[in-house]
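Residue-level structure breakdown
Below are the chains, spelled out letter by letter.
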Amino acid sequence: MSMESIAYYHEQLKNRSTTVSQSLEGFLSRIENRRSLNTLISMDFESARQRARLLDETANPDFSSLPLFGIPFVVKDNIHVKGFANTAGTPGLMGFHPLEDHSAVSKLRDAGAIIIGKANMHELAMGITSNNAFSGAVANAHDPKKIAGGSSGGSAAAIADGQALASLGTDTGGSVRIPAALNGICGFRPSSGRYTQKRVTPISSTRDTVGPMAKTVPDLALIDRVISGDAALPDLNGHSIRLGVPREYFFAELNEELTQATEKALERLAAGGVTLVDVELPGLSERLQKASFPIVFNELKALLENYLSEFKTGVSFNELITQIASPDVEQVFRVLEDPQVVGKDVYQTALDARHVLTATYSDLLHQHRLHGIVFPTTPLAATDIQSSDESVELNGQSAPTFNTFIRNTDLSSIVGSPSITMPCGQTEAGMPLGLEIDGVIGGDRELLAVASTV
C-alpha cells in the first residue's frame, strides 16, 4: 500500500483498512527489496515490529495526543538514537552506541513514531553527494546511477522510495534541502537554534541544524510542531503572500530545464494570487565566500574534539581522522592545518561577513514586506554517481560539485533563516527538480504556512 502522507495513513488506520503492523511490513519489505539503493546503515526491524504491536493494542488511539501514531521514521546516522550505533558514516565511530536519544527523536517517539533504522550519509556529513567510501554510495530513488544528494542522502532517498514516511537529517550548508530536492520530496531547515544540536555529531555550531523530510509540507509542519511545541500554522492564502525573486544570483547559471520549470512554477504562483517582487542582495557572492567555508573550518576541530570526549565515544580526534575513508572528507581535515584558512582573524572576518549578510537579508524582507524569497533549490538535477565526486557538467562547462550544489542553499545556512524545498517538476529524463523558499529568521511556522499554500 502506497502511503503518501501522514494524514492519509492515519485515515487508513481510522477506517481499519490497515493496522500499524500490517503497514509497517510493507515499509520493511520495501527496504529489503531495495537494498541496492543503500539508504540505511543500520536497522532494527524486530524492535520496530514490537513497537507496532504495542500501538495496535491501543484501543481507539487519540491522534491528537499521538500525532505521529505508527509513523515509520529513519534518522540520519549522525543524530543519536538509543539502541543504534551512531557512526556518522565513518569507520572510527562504528563502535559508538549513544546512551540517550537526541531530544527530537525522543519527542517523535513520545508522539507515537516508530524508528526503523539509521540512514546512510556522506561521511561525517562533509559533502553533498552521499558517495561514502566507507558505507557505500546512496543511490537516488528515481535512478540508481544518480547521486541521492547529501549529506542526508539516505534520509531523502528512503522517503522518496517509500521505505519510511518521514525522516530526520541535518543541514549545515544545504544537506536536508539538496537531497530532498534531488529525490523529489520536501525538506525543511528550521531557523538556527530552533532544535537543539546536542547529541549530533557536529560540524559547525553556527550553521548546523537537524531538519525533517517528508512527502508533503503539512507532514513537515506536523513534525516541526511535535519537535518545537509550536501551535497550529497561521492562516494564509495566495493573495496574502509576498515573495521576493532574487534573479541576479540565484537564477544565474541554471540548467535550462530547471530554468523552465522554475519560471512555470512562478507563473502558477502569480496566477494563484501570490505577489512576486524582483529583488537583489548586493555583494552576496563576495560575502558568502567570506563567511561560508571559513566559519565551518574554524569551528570544526574544537567541536568534534569536545563531542568525542563528552559522549565517551572511545575515539580521539586524531584516531577519528586517520580512519576517514572518503578522499574528499580527508581533504577537509588537511585544510584545517593551513593558517590562512584557520585563525582568529579569518574567523572574525567570517563572522563579520555573516553579520552583514544577516542584516542585509532581514532588511530586504522588511523593506519589501516579504514572507521570504523563492528560487531553484539547486542549479541542476542529480548527476551520475561515478563522475560527480569532484566536478559536474553545467551547461556544457565543468563546475566544482560541492560549490555548485550548495550555491543556492548556502545563504539561509549562514544567516540562520528557516528554509524549505518542495518538488517543482522533473527533467525530460524524469529526475526531480526543487523549488526553495527562505523565510523570515525565526518565522518558522509562517514559512511552513506559506509553503503549504504554495
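Refer to the structure printed above.
For the peptide bond that leads from G150 to S151, omega is 5 degrees, which places it in the cis range. Topologically, S151 is positioned in the loop between β7 (143-147) and α5 (153-160). Backbone geometry places N38, a non-glycine residue, at a positive phi of 60 degrees. Looking at the secondary structure, you find N38 in the loop between α2 (20-33) and β1 (40-43).

Before going further, it helps to spend a moment on the state of the cysteines. Inspection of every chain in the model, using the stated rule, returns zero disulfides. Here C186 stays free of any disulfide, with the sulfur of C424 as its closest cysteine sulfur at 12 Å.

Across all of its chains, the model carries eight aromatic pairs by this definition. Summarising the aromatic geometry, the rings of Y307 and F311 are spaced 5.3 Å apart at their centres and angled 50 degrees between planes, so their arrangement reads as tilted. Here Y307 and F311 have matching classes, each one buried. Among the aromatic residues, ring-to-ring pairing joins F96, Y307 and F311 into one connected group. Stacked on the ring of F251, the Lys or Arg R247 has its end atom at 5.0 Å from the ring centre. We note R407 situated over the ring of Y249; from NZ or CZ to the ring centre the distance is 5.9 Å.

Another aspect to go through is the pattern of salt bridges. For the coordinates displayed, the defined rule picks out 23 salt bridges. Residues R34 and D161 are paired through a salt bridge, measuring 2.7 Å at the closest nitrogen-oxygen approach. One end of the pair, R34, is in the loop between α2 and β1; the other, D161, is in the loop between α5 and β8 (166-171), and 127 residues separate them in sequence. Note that R194 is salt-bridged to D224, the shortest N-O span being 2.8 Å. Residue R194 is found in the loop between β9 (186-189) and β10 (209-214), and its partner D224 is found in helix α7 (residues 217-228); the two are separated by 30 residues along the sequence. For D224, a relative accessible area of 0% gives the class buried. Overlapping salt bridges, with partners in common, bring together R194, D224, D230, D444 and R445 in one network.

Overall, mixed pairing links the 11 strands, which are arranged β1-β3-β2-β8-β10-β9-β16-β17-β13-β11-β12 in an open sheet. The sheet is open, and its two edges are formed by β1 and β12 (275-278), each paired on a single side. Averaged over all pairs of adjacent strands, the angle between strand axes in this sheet comes to 30 degrees, irrespective of strand direction. In this structure, strand β11 (residues 242-245) lies alongside β12, joined through four bridges in parallel fashion. Following the sheet pairing, L243 is matched in β12 by L276. Strands β1 and β3 (114-119) of the sheet are contacted by helix α3 (residues 45-56), whose axis makes an angle of about 160 degrees with β3. On the sheet, α7 packs against β2 (72-76), β8, β9, β10 and β16 (419-426) and is oriented at approximately 140 degrees with respect to β10.

Attention shifts here to the pairing of β11. Put simply, side chains in a regular strand alternate between the two faces of the sheet. Relative to strand β13 (residues 372-376), β11 is paired through two bridges, and the arrangement is parallel. Bridge pairing links L243 to G372 in β13.

Structurally, D101 can be placed in the loop between β2 and α4 (103-110). Separated by 2.7 Å, the side chain of D101 and the backbone nitrogen of K82 make a polar contact.

Moving on: α3. Along its 12 residues, α3 runs 16 Å from first to last C-alpha, staying within 8% of the 16 Å computed at 1.5 Å per residue. Looking only at α3, the buried set comprises F45, A48, A52 and L55. Along α3, the residues classed as buried sweep out an arc of 85 degrees about the axis, all on the same side.

The subject of this paragraph is the packing of α4 against α7. Viewed as axis vectors pointing N to C, α4 and α7 meet at an angle of 110 degrees, and their least axial separation amounts to 9 Å. One way to sum up the angle between α4 and α7 is to call them roughly perpendicular. For the pair formed by α4 and α7, the contact residues are A104, K107 and L108 on the first element and I223, V226 and I227 on the second. Residue classes in the contact of α4 with α7 are distributed as five nonpolar, no polar and one charged.

A separate point is α5. Here α5 lies mainly inside the structure; seven of its eight residues are buried. Along α5, the residues classified as buried are G153, G154, S155, A156, A157, A158 and I159. Packing partners of the buried residues in α5 comprise β2, β3, β6 (139-140), β8, α6 (177-183) and β10. A positive phi of about 80 degrees marks G162, the residue just after α5.

Rules behind the numbers
- Residue positions are given per chain, counting from 1 as you read along its sequence in written order.
- Predicted model: local features are reported for residues with pLDDT of at least 70 only, side-chain atom pairs are reported and counted for 80 or more only, and whole-chain, interface and lining totals are derived from all residues.
- Remark: hydrogens and water are excluded; side-chain values derive from all non-hydrogen atoms of the structure.
- Under the scheme used here, helices are H or I runs from DSSP no shorter than 4 residues and strands are E runs no shorter than 2 residues, and both carry numbers assigned from the N terminus.
- The rule for a disulfide is simple: a pair of cysteine sulfur atoms within 2.5 Å.
- Stacked, tilted and edge-to-face are the three classes assigned to paired rings of Phe, Tyr and Trp, where Trp is represented by its six-membered ring and a pair needs centres within 6.5 Å; plane angles under 30 degrees give stacked, over 60 edge-to-face, the rest tilted.
- Using a 1.4 Å probe on the protein chains alone, a residue whose accessible area is under 20% of its type maximum counts as buried, one over 50% counts as exposed, and one in between counts as partly exposed.
- In this scheme, the term charge over a ring applies when either NZ of a lysine or CZ of an arginine sits within 6 Å of the ring centre and within 35 degrees of the ring normal.
- A pair is scored as a salt bridge if a Lys or Arg side-chain nitrogen falls within 4 Å of a carboxyl oxygen belonging to Asp or Glu.
- At least two bridges found by DSSP between two strands is the condition for calling them paired.
- Each axis is a line fitted through C-alpha atoms, taken for helices only over the stretch in contact, and angles between the N-to-C directions span 0 to 180 degrees.
- By definition, residues are in contact when any of their heavy atoms lie within 4.5 Å.
- Here a polar contact means two N or O atoms within 3.5 Å. Within protein one must be a hydrogen donor candidate and the other an acceptor candidate, and residues neighboring in sequence count only if both atoms are side-chain atoms.
- Expected span, for any helix, means 1.5 Å times one less than how many residues it has.
- To be clear, the arc concerns the directions from the helix axis to the C-beta atoms.
- Under this scheme an angle from 65 to 115 degrees is roughly perpendicular, one under 35 degrees roughly parallel, and one over 145 degrees roughly antiparallel; angles in between are oblique.
- In this classification, the charged set is Asp, Glu, Lys and Arg, the nonpolar set is Ala, Val, Leu, Ile, Met, Phe, Trp, Tyr, Cys and Pro, and all remaining amino acids, among them Gly, are polar.

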